[in-house]
Amino acid sequence: MKPRDLSDHVAYEPGRGIEEVARELGRDPSEFVTLSSNENPHGPSPAAVEALQGAAEGVNGYPKVAHTDLASALTHRWDVDAAQIWLANGGDGAIDYLSRALLDPADAVLVPAPGFTYYGMSARFHHGEVREYPLSKDEDFAQDAGTVLEAYDGERIVYLTSPHNPSGSTIPLAEVERIATETDERTLVVVDEAYGEFAETDSAVALVEGRDGFGARDDVAVLRTFSKAYGLAGVRLGYAVVPAEWADAYARVNTPFAASELACRAGAAALEDDEHVSRTVESARWAREYVAEHANAHVWPSDGNFVLVEVGDATSVAEVMRERGVIVRDCTSFGLPECVRITCGTDEETRRAVETLNGALAALDLADDANARANSEVSDR
Ligand SMILES: *Cc1c(COP(=O)(O)O)cnc(C)c1O
């Protein structure tokens, strides 16, 4: 017995956590700060923690009312019908539901490169194919309709990430509208707004609903998560907002009880906690500016809770920073071996990250100089 041919499938590489790194280096976890997975440095909303504790006693039951309550809260938040909210086990789970609902075997999806790995993984799980459109580093990862449409070749789903991970760039809604208009009728444009709370741009829900001067459409869906701004990555909760026309497909594709009792209760409480979200967003905006101003390296403007930094040899820089207690994301696995992605921390963590980054860059520069000298001595001989 064997599983099916999985040779095209790649394992997801998460940012490395404190426990893992501390164990590997034989050090105490408290010496480290982890700024590698875009988690919320302020923790979860205190209201969500209270809700989780309160819900613990009721987890012997299936989450029926909790699911309905959260969907209804989100219905108000977005002013859409409850059926249009597809709750799932993280934003990743919502991507799976879209794959299940849309992909026939051999249908393709079009994804950004560099980009979020799970779009392609999910498509492959559902016997789909993956094609890419390039976002160019030399053009600061600019996102527009032209770039996507040039690569488009009838794919069933086109993924846009706004703000984009790992660069932080965004795409204007008018460009999303053009992509949706100029692609086939059967193509769904998914706008992944995992970092939407941190951006100044409006949500693409305006396109789904035909608001703010846009015509309503049945070919745009929006992805949202509680993992980032709401600080609930550990409970796994996210959702898609889909057009009313085919929203009923959810009932036929979802895994029963798609989001857990704990996730639903925590999510509903976090949604009400505006203070926690504002604080999170404000500190991320401060951190983005701080890194851009003080890092001795190129930092791309970002609308997310992270910044992409050009450091030369990302693997070496990430390693030196890790030895000095700051864990950042080496973007080699994104196809950017000269960049690291640094999550916005608390003010103190962000200051420490920049100081550590600058120290690592200086140390590696010195090492480079020493190597160059050693090499020239060798060749002199
Ligand atoms: C974090 C993230 C998600 C969703 O993550 P979940 O934890 O599964 O909700 C989706 N898209 C992008 C681009 C992300 O960075």
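The coordinates are above.
Every chain is numbered independently, its residues counted from 1 as its sequence is written. Totals for whole chains, interfaces and linings use every residue, but because this is a predicted model, local features are given only for residues with pLDDT of at least 70 and side-chain atom pairs only at 80 or more, for both listing and counting. Side-chain numbers come from the whole structure's heavy atoms, not from hydrogens or water.

Engineer: Break down the overall build of the chain for me, with residues and values.
Structural biologist: Each helix and strand in the chain was counted, giving 13 helices and 12 strands. Relative to a compact globule of 381 residues, whose C-alpha radius of gyration would be 21 Å, the chain shows 22 Å and is just as compact. In terms of principal-axis extent, the alpha carbons of the chain reach across some 75 × 55 × 50 Å. Think of it in three bands: with a 1.4 Å probe and only protein chains considered, a residue is buried below 20% of the maximum accessible area for its type, exposed above 50%, and partly exposed in between. Every one of the 381 residues in the chain was classed for burial, and the buried ones make up 51%. Any pair of residues with heavy atoms lying within 4.5 Å of one another is described as a contacting pair. If you take every contact in the chain between residues at least 6 apart in sequence, the share linking residues at least 24 apart comes to 72%. On the chain, roughly 17,400 Å² of surface is accessible, and the fraction owed to carbon and sulfur atoms is 47%. What counts as a helix is a DSSP run of H or I of at least four residues, what counts as a strand is a run of E of at least two, and both are numbered from the N terminus. Only C-alpha atoms enter the radius of gyration, while the globule expectation follows 2.2 Å times N to the 0.38, with N the number of residues. Residue exposure ignores everything except the shown protein chains as possible cover, and the areas themselves are Shrake-Rupley values with a 1.4 Å probe.

Engineer: Please give an account of a negative patch on the surface that cites residues and values.
Structural biologist: Only residues whose relative accessible area exceeds 30% and that form no salt bridge enter a patch; like-charged residues are grouped when within 9 Å of one another, and nonpolar side chains (Val, Leu, Ile, Met, Phe, Trp, Tyr) when within 5 Å. We define a salt bridge as a side-chain nitrogen of Lys or Arg found within 4 Å of a carboxyl oxygen belonging to Asp or Glu. Positive charges come from Lys and Arg, negative ones from Asp and Glu, while His and the chain ends are left out of the count. A charged residue contributes its charge at one atom only: NZ of Lys, CZ of Arg, CG of Asp or CD of Glu. Side chains of D184, E185, D218 and E245 sit close together on the surface and give a patch of like negative charge. Tracing the backbone through its elements, the reader meets D218 in the loop between helix 8 (205-209) and strand 7 (220-225).

Engineer: Give me the site of the ligand: which residues, what numbers.
Structural biologist: By nearness alone, 14 residues border the ligand, and G91, D192, Y195, T225 and K228 come closest of all. Nitrogen and oxygen atoms within 3.5 Å of one another constitute a polar contact, given that in protein one can donate a hydrogen and the other can accept it, and given that sequence-neighbouring residues count only through two side-chain atoms. Between G91 and the ligand, the recorded distance is 2.6 Å, taken from a backbone N or O atom to an oxygen atom. In the environment of the ligand, an oxygen atom lies 2.6 Å from a nitrogen or oxygen atom belonging to the side chain of S227. Protein contact buries 94% of the 380 Å² of open area that the ligand shows by itself. A per-element tally of the shell around the ligand places helix 4 (residues 90-102) first, with three residues. Three residue categories are used. Nonpolar comprises Ala, Val, Leu, Ile, Met, Phe, Trp, Tyr, Cys and Pro, charged comprises Asp, Glu, Lys and Arg, and polar comprises the others, including Gly. Its residues assigned to classes, the shell around the ligand comprises four nonpolar, six polar and four charged. The near set for a molecule or strand comprises every residue that places at least one heavy atom within 4 Å of it.

Engineer: Kindly report on unusual backbone geometry, identifying the contributing residues and their values.
Structural biologist: Residue A113 is joined to P114 through a cis peptide bond whose omega torsion reads 0°. Looking at where P114 falls in the secondary structure, it is placed in the loop between strand 3 (108-113) and helix 5 (118-125). In this model, N165 is joined to P166 through a cis peptide bond whose omega is 15°. Counting through the fold element by element, P166 comes out in the loop between strand 5 (157-161) and helix 7 (173-182). One non-glycine residue, N38, adopts positive backbone phi at about 55°.

Engineer: Residues and numbers for the packing of aromatic side chains, please.
Structural biologist: Here the aromatic set is Phe, Tyr and Trp, taking the six-membered ring for Trp, and pairing holds for ring centres within 6.5 Å; pairs whose planes are under 30 degrees apart are stacked, those over 60 apart are edge-to-face, and all others are tilted. All told, the structure shown has 12 aromatic pairs when counted by the stated rule. Measuring from ring centre to ring centre gives 4.9 Å for F226 and Y230, while their planes differ by 45°; the resulting arrangement is tilted. On the basis of relative accessibility, which here comes to 1%, the residue F226 falls in the buried class. Against the face of W78 rests R77, its NZ or CZ located 4.1 Å from the ring centre. For a ring to carry a charge above it, either NZ of a lysine or CZ of an arginine must fall within 6 Å of the ring centroid while also lying within 35 degrees of the normal to the ring plane. Of note, R351 hangs over the ring of Y290, and the distance from its end group to the ring centre comes to 5.8 Å.

Engineer: Lay out the sheet that holds strand 7 with the relevant residues and their values.
Structural biologist: If you walk across this open sheet you meet the seven strands as 2-8-7-6-5-3-4, and the pairing is mixed. In this open sheet, the two strands that pair with only one neighbour each are strand 2 (85-88) and strand 4 (129-134). Within the sheet, the average angular offset between the axes of one strand and its neighbour, ignoring direction, is 25°. Whether two strands pair comes down to DSSP finding at least two bridges between them. For strand 6 (residues 188-192) and strand 7, the ladder comprises four bridges, and the chain directions are parallel. For helices, the fitted line uses only the C-alpha atoms of the stretch in contact; every axis is such a line through C-alpha atoms, and the angle between N-to-C directions lies from 0 to 180 degrees.

Engineer: So, the packing of helix 2 (residues 46-55) against helix 10 (residues 261-272): which residues are in play, and what are the values?
Structural biologist: Viewed as axis vectors pointing N to C, helix 2 and helix 10 meet at an angle of 150°, and their least axial separation amounts to 8 Å. Once helix 2 is placed against helix 10, the crossing between them reads as right-handed. Seen from helix 2, the contacting residues are A47, A48, A51, L52 and A55; seen from helix 10, they are L262, R265, A266, A269 and A270. If you view the pair so one helix is near and one far, a crossing is left-handed when the near helix is turned anticlockwise from the far one by less than a right angle, and right-handed when it is turned clockwise.

Engineer: Tell me about the side chain of T147, and name the residues and values.
Structural biologist: Tracing the backbone shows T147 in helix 6 (residues 145-151). A polar contact is formed between the side chain of T147 and the side chain of D144, at a distance of 2.6 Å. Not counting residues within four places of it along the chain, the set of residues in contact with T147 comprises Y133, P134, L135 and A142.

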